[in-house]
Amino acid sequence: SVEELAAGIISRAKVMLSCGTTTLEVKASYGLSAEGCQKELDAIFIAKKEIPQRLIVTFMGAHAFPPEYSREKYIDILGNELVPMAAEHPVGCAFNDVFCEGGAFSVEESEKVLLAGLENGLRPKAHVDEFEALGGTQMACRLGAVSCDHLLASGPAEIEPLAASQTVAVVLPGTAYYLGKPFADARAMLDAGCSVALGTDFNPGSSMVASMAFVMGLGVSKMGMSPEEALTAATAASGQAIGFDPFGAADLCEWPCDSLEELIYGHAFVRPSRVLIAARDTICD
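First things first, this report covers the structure right here in the doc. A quick note: this is a predicted structure, and the numbers were derived from the prediction, not measured.

What follows covers the side chain of Thr167. Among the secondary structure elements, Thr167 is positioned in the loop between helix H6 (156-163) and strand S6 (168-171). Judged by relative accessible area, which is 2%, Thr167 ranks as buried. Polar contacts involving the side chain of Thr167 include one to the main-chain carbonyl oxygen of Ala145, which spans 2.7 Å. Residues contacting Thr167, with those up to four places away along its chain left out, are Cys141, Gly144, Ala145, Val146, Ser147, Cys148 and Leu162.

This paragraph deals with the packing of helix H1 (residues 2-18) against helix H2 (residues 34-48). The contact between H1 and H2 brings their axes to 8 Å, and the two run at 50°. Looking at the two axes, H1 sits oblique to H2. Helix-helix and strand crossings are classified by hand; for H1 and H2 the assignment is right-handed. For the pair formed by H1 and H2, the contact residues are Val2, Leu5, Ala6, Ile9 and Ile10 on the first element and Lys39, Asp42, Ala43, Ile44, Ile46 and Ala47 on the second. Residue composition of the contact of H1 with H2, grouped by class: 9 nonpolar, no polar and 2 charged.

Counting 78 residues, the largest nonpolar core has Phe59, Phe105, Met189 and Leu198 as its most contacted members. Other than its neighbours up to four places away in sequence, Met189 contacts Leu151, Ser154, Ile159, Ala169, Val171, Ala184, Cys194 and Val196. Ranked by size, the runner-up nonpolar core spans 6 residues in total, among them Val168, Ala197, Ala237 and Ala241.

What follows deals with the environment of Ser147. Its place among the elements puts Ser147 in strand S5 (residues 147-150). As for Ser147 and Leu55, which are separated by 92 residues in sequence, their C-alpha atoms are 17 Å apart. For Ser147, the contacting residues outside a window of four places in its chain are Pro124, Lys125, Ala126, Thr167, Val168, Val170 and Ala241. Reaching out from Ser147, the side chain makes a polar contact with the side chain of Lys125 at a distance of 3.0 Å. Engagement of the side chain of Ser147 in a polar contact is seen with the side chain of Asp149, the distance being 2.9 Å.

Glancing now at the packing of aromatic side chains. In the structure shown here, the tally under the stated rule is 3 aromatic pairs. Taken together, a centroid distance of 4.1 Å and an interplanar angle of 25° make the contact between Phe65 and Phe105 stacked. You can see Phe65 sitting in the loop between strand S2 (54-62) and helix H3 (71-88) and its partner Phe105 sitting in the loop between strand S3 (93-100) and helix H4 (107-119), a full 40 residues away along the chain. Judged by relative accessible area, which is 0%, Phe105 ranks as buried. Consider the rings of Tyr177 and Phe214, whose centres lie 5.3 Å apart with planes at 75°: the pair is edge-to-face. Here the residue Tyr177 occupies a position in helix H7 (residues 173-179), and Phe214 occupies one in helix H9 (residues 212-223), the gap between them amounting to 37 residues. An aromatic cluster of three or more residues is present, and its members are Phe65, Tyr74 and Phe105. Cation over ring: Lys125 sits above Phe95, and NZ or CZ is 4.9 Å from the ring centre.

Mapped onto the elements, Ser154 comes out in the loop between S5 and H6. Along the primary structure Ser154 and Gly243 are separated by 89 residues, whereas in three dimensions their C-alpha atoms are 23 Å apart. Beyond its immediate sequence surroundings of up to four residues, Ser154 is in contact with Asp129, Thr137 and Met189. Here the side chain of Ser154 touches Asp129 through a polar contact of 2.6 Å, side chain to side chain.

The rules we used
Residues numbered from 1 in each chain as written. Predicted model: local features only at pLDDT ≥ 70, side-chain atom pairs only at ≥ 80, totals over all residues. Heavy atoms only, no water. Helix = DSSP H or I, 4+ residues; strand = E, 2+ residues; numbered from the N terminus. Buried < 20%, exposed > 50% of the residue type's maximum accessible area, 1.4 Å probe, protein only. Polar contact = N/O pair within 3.5 Å; in protein donor to acceptor, adjacent residues only side chain to side chain. Contact = heavy atoms within 4.5 Å. Axes fitted to C-alpha atoms, helices over the stretch in contact; angles between N-to-C directions. Parallel < 35°, antiparallel > 145°, perpendicular 65-115°, else oblique. Left-handed = near helix turned anticlockwise from the far one by under 90°. Nonpolar A, V, L, I, M, F, W, Y, C, P; charged D, E, K, R; others polar. Core = buried A, V, L, I, M, F, W, Y, C linked by side-chain atoms within 4.5 Å. Phe/Tyr/Trp six-rings, centres within 6.5 Å; stacked < 30°, edge-to-face > 60°. Lys NZ or Arg CZ within 6 Å of the ring centre and 35° of its normal.

Okay, structure coming up:
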């Protein structure tokens, strides 16, 4: 039910708060029908009122194809029904996302989905290069995507347009850790001049990781980032990836550590001792 979906969001948001996350991006995804997508958006609308964190909403109806429709038919439904519905929903969707990958949406199909979002006032994002590089990163950068997410398979041909654009490269090392895949080459992205953000990708299919401190630790130990680069990727660049300025938010996490290096060193178990959102204390338990 909508209520059960909302309760799940609220529960997971509490876990993320205890790990120090003050702003969340939530994807309305896998509904695969007008009824399913409506339920997801309604659930987020309910949860948004109940959690202390800011909630940024991204519509991602283009995550998979429902078996009852042809690919062409579902893309038509997305463009003419689901994306407009999401754009008009009172939850306040900010972005439209697509999974551009072999077995999911092709580059051409993904471009149609993102253009439909732009026509309805939703800024584009793209899940690309998770398993293979198809050209989705180049397409997303050309459309002015706010972010490209995953990028495990990205190489020089993908990193170059990211560096030349305003599109944020969002690396999600929890996914590589959970699935046993090679980690994204964050070092090459940073050296090329990309804006690199870190995220948890907290989801039950590929990343049961809720802690940004853990993700920062993976960034340093597995992707060649410095502690300072990981901190920037988890704050300023992550804010850029959701159109939000974290430095204007008056948020603060107080950690039981004497240095940033100690926080990174203890990434597998460290939790904040105090979290403020918009200068207000929250409860960490």
